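Results of the structural survey
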Amino acid sequence: MNSGSKPRQFLSEINVIPLVDVVLVLLVIFMVTAPMLHRGLDINLPTTTANNIKAEERLIVTIQRDHTLSLGNDTISLVDLRAKLQEAKTLNPLISVYLRADQTVPYGTVVQVMDEVKGAKIERLGMITGPKTETLIEDETIGISR
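This is a predicted model, so every value here is computed, not measured.

Overview of the layout of surface pockets
Gaps left between atoms are located by rolling a probe of water-molecule size over the structure's atoms. Computed from the structure, the largest pocket encloses a volume of approximately 240 Å³. What lines the largest pocket is Leu99, Arg100, Ala101, Asp102, Gln103, Met127, Ile128, Thr129, Gly130 and Pro131. Top element by residues in the lining of the largest pocket is strand β4 (residues 96-101). It accounts for 3 residues. Here the lining of the largest pocket is composed, by residue class, of 5 nonpolar, 3 polar and 2 charged.

Brief notes about the nonpolar core
Counting 18 residues, the largest nonpolar core has Val61, Leu81 and Leu85 as its most contacted members. Only β1 (58-63), β2 (69-71), α2 (78-91), β4 and α3 (107-119) provide two or more residues apiece to this core. If we skip the residues at most four places from it in the chain, Leu81 touches Val61, Leu69, Leu71, Ile76, Val113 and Glu116.

Some details on the pairing of strand β5 (residues 124-127)
Bridging between β4 and β5 involves 4 bridges; their strand directions are parallel. In the strand pairing of β5, Val97 is matched with Leu125. A crossover connection joins β4 to the parallel β5 through α3; in handedness this β-α-β unit is right-handed.

A few points about the confidence of the model for the protein chain
Chain-level statistics for the protein chain give a pLDDT mean of 78 and a share of 73% at 70 or above. Here helix α4 (residues 139-142) is the element of the protein chain with the lowest mean pLDDT, 48, and α3 is the one with the highest, 90.

Side note on the UniProt feature "transmembrane region" (unreviewed entry) in the protein chain
When the UniProt feature table is mapped onto this chain numbering, "transmembrane region" (unreviewed entry) sits at residues 16-37. End C-alpha atoms of residues 16-37 are separated by 31 Å, and the span's content is 95% helix alongside 0% strand.

Thresholds, definitions, all that
- Residues numbered from 1 in each chain as written.
- Predicted model: local features only at pLDDT ≥ 70, side-chain atom pairs only at ≥ 80, totals over all residues.
- Heavy atoms only, no water.
- 1 Å grid on protein atoms, 1.4 Å probe; cavity = no way out; pocket = protein on both sides within 12 Å on 5 of 7 lines; lining within 4 Å.
- Points joined across faces, edges and corners; volume = space filled by probe spheres on them.
- Helix = DSSP H or I, 4+ residues; strand = E, 2+ residues; numbered from the N terminus.
- Nonpolar A, V, L, I, M, F, W, Y, C, P; charged D, E, K, R; others polar.
- Core = buried A, V, L, I, M, F, W, Y, C linked by side-chain atoms within 4.5 Å.
- Buried < 20%, exposed > 50% of the residue type's maximum accessible area, 1.4 Å probe, protein only.
- Contact = heavy atoms within 4.5 Å.
- Pairing = 2+ DSSP bridges.
- Right-handed = clockwise from strand over helix to strand, strands pointing away.
- pLDDT = per-residue confidence, 0-100.
- UniProt positions renumbered as here; feature names shortened; annotations may be inferred.

Shown next, in the form of C-alpha coordinates:
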(Lines give C-alpha, C1' and ligand atoms only; values in the text may rest on other atoms or scores of the structure.)
Protein backbone atom coordinates (compact mmCIF):
# COMPACT_ATOMS: atom_id res chain seq x y z
CA MET A 1 0.00 0.00 0.00
CA ASN A 2 0.91 3.60 -0.40
CA SER A 3 2.11 5.01 2.82
CA GLY A 4 1.73 8.63 1.61
CA SER A 5 -1.92 8.41 0.52
CA LYS A 6 -4.82 9.14 2.81
CA PRO A 7 -7.42 6.52 3.49
CA ARG A 8 -10.43 6.99 1.26
CA GLN A 9 -13.41 8.64 2.94
CA PHE A 10 -16.95 8.37 1.68
CA LEU A 11 -19.23 11.38 1.41
CA SER A 12 -22.00 10.91 3.91
CA GLU A 13 -24.12 13.98 2.98
CA ILE A 14 -27.20 13.91 0.81
CA ASN A 15 -26.82 15.86 -2.42
CA VAL A 16 -30.02 17.94 -2.65
CA ILE A 17 -29.25 19.80 -5.89
CA PRO A 18 -30.76 17.11 -8.16
CA LEU A 19 -33.80 17.00 -5.86
CA VAL A 20 -34.28 20.76 -6.18
CA ASP A 21 -33.98 20.48 -9.98
CA VAL A 22 -36.67 17.81 -10.12
CA VAL A 23 -38.99 19.79 -7.82
CA LEU A 24 -38.62 22.93 -9.95
CA VAL A 25 -39.37 21.00 -13.14
CA LEU A 26 -42.48 19.52 -11.52
CA LEU A 27 -43.55 22.98 -10.36
CA VAL A 28 -43.28 24.35 -13.88
CA ILE A 29 -45.23 21.39 -15.28
CA PHE A 30 -48.05 21.89 -12.75
CA MET A 31 -48.14 25.63 -13.35
CA VAL A 32 -48.55 25.07 -17.08
CA THR A 33 -51.11 22.27 -16.89
CA ALA A 34 -53.29 23.59 -14.02
CA PRO A 35 -55.10 26.27 -16.07
CA MET A 36 -55.89 23.71 -18.75
CA LEU A 37 -57.55 21.36 -16.26
CA HIS A 38 -60.10 23.95 -15.12
CA ARG A 39 -62.91 23.67 -17.64
CA GLY A 40 -66.57 22.74 -17.57
CA LEU A 41 -68.32 19.68 -18.87
CA ASP A 42 -71.04 19.77 -21.51
CA ILE A 43 -74.08 18.09 -19.99
CA ASN A 44 -77.83 18.42 -20.29
CA LEU A 45 -79.34 18.91 -16.85
CA PRO A 46 -82.77 17.52 -16.03
CA THR A 47 -85.50 20.04 -15.29
CA THR A 48 -87.69 20.20 -12.21
CA THR A 49 -90.61 22.34 -11.14
CA ALA A 50 -89.14 23.13 -7.71
CA ASN A 51 -85.78 24.85 -8.00
CA ASN A 52 -84.37 25.60 -4.54
CA ILE A 53 -81.14 27.20 -5.72
CA LYS A 54 -81.48 30.84 -6.62
CA ALA A 55 -79.06 32.33 -9.10
CA GLU A 56 -77.27 35.37 -7.74
CA GLU A 57 -78.82 38.50 -9.16
CA ARG A 58 -76.32 40.95 -10.61
CA LEU A 59 -76.76 44.43 -11.91
CA ILE A 60 -74.23 45.97 -14.26
CA VAL A 61 -73.78 49.73 -14.22
CA THR A 62 -71.91 51.00 -17.28
CA ILE A 63 -70.31 54.41 -17.65
CA GLN A 64 -69.71 55.06 -21.33
CA ARG A 65 -67.11 57.27 -22.92
CA ASP A 66 -69.58 60.16 -23.22
CA HIS A 67 -70.43 59.86 -19.47
CA THR A 68 -73.86 58.31 -20.06
CA LEU A 69 -74.95 55.73 -17.52
CA SER A 70 -76.64 52.43 -18.22
CA LEU A 71 -78.22 50.06 -15.72
CA GLY A 72 -78.28 46.76 -17.53
CA ASN A 73 -79.37 47.70 -21.06
CA ASP A 74 -81.36 50.79 -20.02
CA THR A 75 -79.92 54.30 -20.12
CA ILE A 76 -80.37 56.06 -16.79
CA SER A 77 -79.37 59.36 -15.20
CA LEU A 78 -77.18 59.67 -12.13
CA VAL A 79 -80.13 61.13 -10.22
CA ASP A 80 -82.36 58.10 -10.93
CA LEU A 81 -79.62 55.53 -10.32
CA ARG A 82 -79.92 55.41 -6.53
CA ALA A 83 -83.72 54.97 -6.66
CA LYS A 84 -83.45 52.09 -9.15
CA LEU A 85 -80.75 50.43 -7.05
CA GLN A 86 -82.82 50.81 -3.88
CA GLU A 87 -85.76 49.15 -5.66
CA ALA A 88 -83.54 46.26 -6.67
CA LYS A 89 -82.17 46.05 -3.10
CA THR A 90 -85.67 45.75 -1.63
CA LEU A 91 -86.47 42.91 -4.03
CA ASN A 92 -83.20 41.11 -3.30
CA PRO A 93 -81.15 42.14 -0.24
CA LEU A 94 -78.12 40.17 -1.45
CA ILE A 95 -77.91 41.83 -4.86
CA SER A 96 -74.50 42.50 -6.40
CA VAL A 97 -73.60 45.48 -8.55
CA TYR A 98 -70.77 45.43 -11.05
CA LEU A 99 -69.37 48.70 -12.33
CA ARG A 100 -67.98 48.88 -15.84
CA ALA A 101 -66.43 52.16 -16.98
CA ASP A 102 -64.54 53.25 -20.06
CA GLN A 103 -60.90 53.92 -19.27
CA THR A 104 -61.20 57.50 -20.54
CA VAL A 105 -63.90 58.34 -17.97
CA PRO A 106 -62.48 60.58 -15.21
CA TYR A 107 -61.93 59.03 -11.82
CA GLY A 108 -64.32 61.51 -10.20
CA THR A 109 -67.23 60.28 -12.32
CA VAL A 110 -66.52 56.68 -11.33
CA VAL A 111 -66.40 57.68 -7.65
CA GLN A 112 -69.76 59.48 -7.98
CA VAL A 113 -71.38 56.33 -9.35
CA MET A 114 -69.76 54.22 -6.61
CA ASP A 115 -71.12 56.68 -4.06
CA GLU A 116 -74.63 56.24 -5.46
CA VAL A 117 -74.29 52.45 -5.19
CA LYS A 118 -73.13 52.71 -1.57
CA GLY A 119 -75.90 55.26 -0.90
CA ALA A 120 -78.42 52.61 -1.97
CA LYS A 121 -77.00 50.43 0.87
CA ILE A 122 -75.59 47.85 -1.55
CA GLU A 123 -72.47 46.30 -0.06
CA ARG A 124 -71.50 44.02 -2.93
CA LEU A 125 -69.79 46.21 -5.51
CA GLY A 126 -67.36 44.85 -8.06
CA MET A 127 -65.37 46.36 -10.90
CA ILE A 128 -65.33 44.84 -14.38
CA THR A 129 -62.03 45.05 -16.23
CA GLY A 130 -60.82 43.69 -19.52
CA PRO A 131 -57.80 41.48 -20.13
CA LYS A 132 -54.47 43.25 -20.38
CA THR A 133 -53.41 43.40 -24.01
CA GLU A 134 -50.09 45.16 -23.60
CA THR A 135 -47.59 42.82 -21.97
CA LEU A 136 -44.44 44.93 -21.97
CA ILE A 137 -44.11 48.10 -19.94
CA GLU A 138 -41.42 50.59 -20.86
CA ASP A 139 -38.98 50.89 -17.97
CA GLU A 140 -38.51 54.61 -18.61
CA THR A 141 -42.22 55.37 -18.14
CA ILE A 142 -42.27 54.00 -14.61
CA GLY A 143 -38.80 55.22 -13.65
CA ILE A 144 -36.95 51.93 -13.30
CA SER A 145 -33.28 52.00 -14.18
CA ARG A 146 -31.32 48.88 -14.84
